[in-house]
Amino acid sequence: MRICIVGCGAVGSLFAANLSLLEDVEVWAYDLAREHVEAIARDGLRLTGAGEVVGRPRATSDAAELPPCDFGIVATKAMHTGPAIAATAHAFADGCVATVQNGLGNEETLAAHVERVIRGTTFPAGKIVEPGVVQWDVKGETTLGPYDGRVPLAEVERLADACTRAGMPTAAVEDARGPQWRKVIFNASTNPVGALTGLTHGRVCERPDLRGLVSGLVAEGKAVAAAQGIVLDADPEQLIDHAAKPEVAYDHKASMLQDVEARRTTEIDFLNGGIVRFGREHGVPTPLNEAIWALVKGVEQSWG
Amino acid sequence: MTRVVVAGAGSIGSLFAAHLAQVADVCVLTRREAHAAALRERGLRVSGRSDLTVQLAATADPEALGDADLAILACKATDLEPLAARLAGRLAGATVMTVQNGLGAEEVVAAHGDWPLLSAVTFMSGTRHDDAHVEYVLDTATWIGPFRGTSFEDARRVAELVESAGLKAEAFHDLRPAQWSKLVFNATVNGVAALTGLPHDFHFAETERPSDLGHLVRDLVDEGRAVAEAAGVDLHDDPWEMNVLATRRGHRHFPSMLEDVEARRPTELEPINGALVRAARRHGVHVPLHTAVYRLVKAKEAGYS
């Protein structure tokens, strides 16, 4: 089996390094960051923290080098999905492409370029500490499911099995929208609030007025999910309160707050923007998500 | 000659003081003695839309103030309570005029003395360069109306005095429609600016894409309009049009709330956004977006204070 990881940032690197340990899988890592790619080609891809791994994926920044693959795993930031799949689609003419990205709309973008798309949500997280080296912060489950009828569940199971054997526990399910929307609602309801106020997750949640705003955002997201017949696999409210505990993620600065502090474009279009878009398609009003979306876009515009 | 005390010498107070000093006997009450000393020694300079340097009296000690015919309280809304307390028992012959943003300034002052009171809102703006130099940026008007123990005639006389000093002013029989127009405008524009870091520029009127800020600005204005209506106030100006006009001038105005947030100072959130949200609750109007903006700015402020 040949798998190409498209976008080898922290999450992509976790998949690439672990999968490359399997005897029956050939792994390619495609990324535009030349230093990272060169380091992987030279020294391998090293994970530290939650697991100690040195993987040996093939790494390239040149999409033309990619051979035909059975699977793609797209792990870029959501705003890079289009260009990334446009460059690599040729490698998946006979394969399936899974997204493990944040947000809504990635599947649609992939489906515009490739035939068979797998919806996915992943919880493992980490950060690149230097080229070729990734700090593995959080282990967690990945859920994959067919995007539409063109992908047989058996194919999804084949990819899930490889990931699981590689130490990335992955479930194949018929409808993967539940975990996806649970994560999107969690992120859309908390990350921008942290980004706009500068507060960590725990400090957002301990202010009853802000926690109330978070609940308002969650309620809109749940209504949009329900209108599509999506059954969330867990209640975002409980997950938000759980994460606010001192021993869990009280001091965690949401990635969007980190993006704003570093003046990097955020994933707001694919979080709150996605909820607004699906809300409109299904006749569900989402005024708070619209407001938050506009405010964070305003923050990005303020950088000129 | 009319005796005028200008209390608070930020940009608005400095603009009033310098212009009025040409036609009245002006004394400036500052918070810091060094500021008063700078004004006494160097005079007060205005650049920009006016070009003048005036000599005037200045003190940081309320006890050193003589009586006056008119006292203009031009501090930030957040500094008004302590300022009014310092003036309690003084300026027995003065009519006192508030020019703070938001709502409630008149009541704060009324609690500290029985002066006749005038309400005012000002649309002029300036940039303070140092203690003795202010730049006059927007030469828009100050609107004045009676509040307690005053008549339209009193408002008109003060407006004439301000006009004779080279500033723009207009008297109103009832200031609330104008005050509320500015309240809704400020609650919307200042809040959005403080959260996004954007000065009040063209982004605030853009409605092309679904995520454009103009949608939010318009929705916030609509909520504010509903509160004004419930409060029985017929807005003098349409805050959305005020927004569009201001952004068309091509001038990137930095609302004070944005400057405060960037300098990590307390903002005028309570007298502006807080006042609007509380008025909405009092009148049973649902304002989810203003509530969200209010909570976000409040939390942002709490994060650095």
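Treat the numbers as computed from the prediction; the structure is a model and nothing was measured.

**Overview of the overall build of chain B**
Assigned secondary structure in chain B consists of 11 helices and 12 strands. Here the C-alpha atoms of chain B give a radius of gyration of 19 Å, agreeing with the 19 Å that 2.2 N^0.38 yields for 305 residues. Overall, chain B is about 55 × 35 × 35 Å in size when its C-alpha atoms are taken along their principal axes. Sequence-distant contacts in chain B: of pairs separated by 6 or more residues, those separated by 24 or more amount to 69%.

**Quick word on the overall build of chain A**
Of the regular secondary structure elements, chain A holds 12 helices and 12 strands. Projected onto the principal axes, the alpha-carbon positions of chain A cover approximately 55 × 40 × 40 Å. Taking all 304 residues of chain A together, the buried fraction comes to 53%. Within chain A, residue pairs in contact and separated by at least 24 positions form 71% of the contacts whose partners lie at least 6 positions apart.

**So, the pairing of strand S3 (residues 45–49) of chain A**
All names here are of chain A. Where S3 lies against strand S4 (residues 53–55), 3 bridges are found, and the strand directions are antiparallel. Following the sheet pairing, Leu45 is matched in S4 by Gly55. One ladder, built from 4 bridges, connects S3 with strand S10 (residues 133–138); its direction is parallel. The residue bridging Leu47 from the neighbouring strand is Val134, located in S10.

**Here's the deal with the sheet that holds S10(A)**
Residue and element names in this part refer to chain A. Pairing within the open sheet is mixed, and its 4 strands lie in the order S4-S3-S10-S9. The sheet is open, and its two borders are formed by S4 and strand S9 (125–130), each paired with just one other strand. Neighbouring strand axes in the sheet, compared pairwise and without regard to direction, differ in orientation by 25° on average. Where S9 lies against S10, 5 bridges are found, and the strand directions are antiparallel. Bridging across to S10, Glu130 finds its partner in Val133.

**Quick word on the interface of chain A and chain B**
The interface is formed by 24 residues belonging to chain A together with 21 residues belonging to chain B. When residues of the side of chain A that touches chain B are traced back to their parent elements, those giving at least two are helix H6 (177–197), helix H8 (208–227), helix H11 (272–281) and helix H12 (287–302) of chain A. Broken down by element, the side of chain A that touches chain B gets its largest block of residues, 12 residues, from H12(A). By residue class, the composition of the side of chain A that touches chain B is 12 nonpolar, 7 polar and 5 charged.

**Quick look at the nonpolar core**
Residues A:Leu295, B:Val192 and B:Leu276 are the most contacted members of the largest nonpolar core, which totals 84 residues. Among the elements that line this core, the one with the most residues is helix H6 (residues 176–196) of chain B, at 10 residues. B:Leu276 has contacts with B:Leu183, B:Ala187, B:Gly224, B:Val227 and B:His290, leaving out every residue within four places of it along the chain. Within the second largest apolar cluster, 66 residues are counted, among which are B:Ala71, B:Leu73, B:Ala74 and B:Met97.

**Some words on the domain arrangement of chain A**
Residue and element names in this part refer to chain A. You can read the domains of chain A as domain 1 (2–172) and domain 2 (177–302). The centre of domain 1, based on its C-alpha atoms, is set 25 Å off from the matching centre of domain 2. Residue-level contacts link 10 residues of domain 1 with 13 residues of domain 2. Here the side of domain 1 that touches domain 2 is composed, by residue class, of 3 nonpolar, 5 polar and 2 charged.

**Here we look at the domain arrangement of chain B**
How big an interface is tends to be stated in terms of accessible area lost as the parts join. All names here are of chain B. Partitioning chain B into domains gives domain 1 (3–173) and domain 2 (177–304). Relative placement of domain 1 and domain 2: their C-alpha centres are 25 Å apart. Facing 13 residues of domain 1, the contacting portion of domain 2 comprises 11 residues. Within the side of domain 1 that touches domain 2, the residues separate by chemical class into 5 nonpolar, 7 polar and 1 charged.

**Remarks on the sheet that holds strand S1 (residues 2–6) of chain A**
Residues and elements named next belong to chain A. Read from one edge of the open sheet, 8 strands run S5-S2-S1-S6-S7-S8-S11-S12, paired in mixed fashion. In the strand order of this sheet, the two ends are held by strand S5 (58–60) and strand S12 (170–172), each with one partner. Within this sheet the neighbouring strands show an average axis-to-axis angle of 20°, counted without direction. Pairing geometry for S1 and strand S6 (residues 71–74), over 4 bridges, is parallel. Each residue of the ladder has a partner; that of Val6, found in S6, is Val74. Together, S1, strand S2 (26–30), S6 and strand S8 (116–122) form the strand contacts of helix H1 (residues 10–19), whose direction differs from that of S1 by roughly 160°. Along the sheet face, H6 touches S8 and strand S11 (142–146) and points at about 50° away from the line of S8.

**A look at helix H5 (residues 153–165) of chain A**
Residue and element names in this part refer to chain A. Here H5 contains 13 residues, and its C-alpha end-to-end distance of 18 Å stays within 8% of the 18 Å for a straight helix at 1.5 Å per residue. Within H5, the full set of buried residues consists of Glu155, Val156, Leu159, Ala160, Ala162 and Cys163. Taken end-on, H5 shows its buried residues confined to a sector of 160°, consistent with a single buried face. Immediately beyond the C-terminal end of H5, within one or two residues, lies Gly167, with a positive phi of roughly 95°.

**A few points about the environment of A:Leu295**
All names here are of chain A. One can find Leu295 in helix H12. Owing to 25 C-beta atoms within 10 Å, Leu295 belongs among the buried residues under this scheme. Counting along the chain gives 46 residues from Leu295 to Ala249, while the straight-line C-alpha distance between them is 25 Å.

What counts, and where the lines are drawn
Residues numbered from 1 in each chain as written. Chains lettered and ligands numbered in written order. Predicted model: local features only at pLDDT ≥ 70, side-chain atom pairs only at ≥ 80, totals over all residues. Helix = DSSP H or I, 4+ residues; strand = E, 2+ residues; numbered from the N terminus. Rg over C-alpha atoms; globule rule 2.2 N^0.38 Å. Contact = placed C-beta atoms within 7 Å. Buried ≥ 20, exposed ≤ 12 C-beta atoms within 10 Å, placed from the backbone. Pairing = 2+ DSSP bridges. Axes fitted to C-alpha atoms, helices over the stretch in contact; angles between N-to-C directions. Nonpolar A, V, L, I, M, F, W, Y, C, P; charged D, E, K, R; others polar. Core = buried A, V, L, I, M, F, W, Y, C linked by C-beta atoms within 7 Å. Domains from an automatic or database assignment. Expected span 1.5 Å × (residues − 1). Arc of directions from axis to C-beta.

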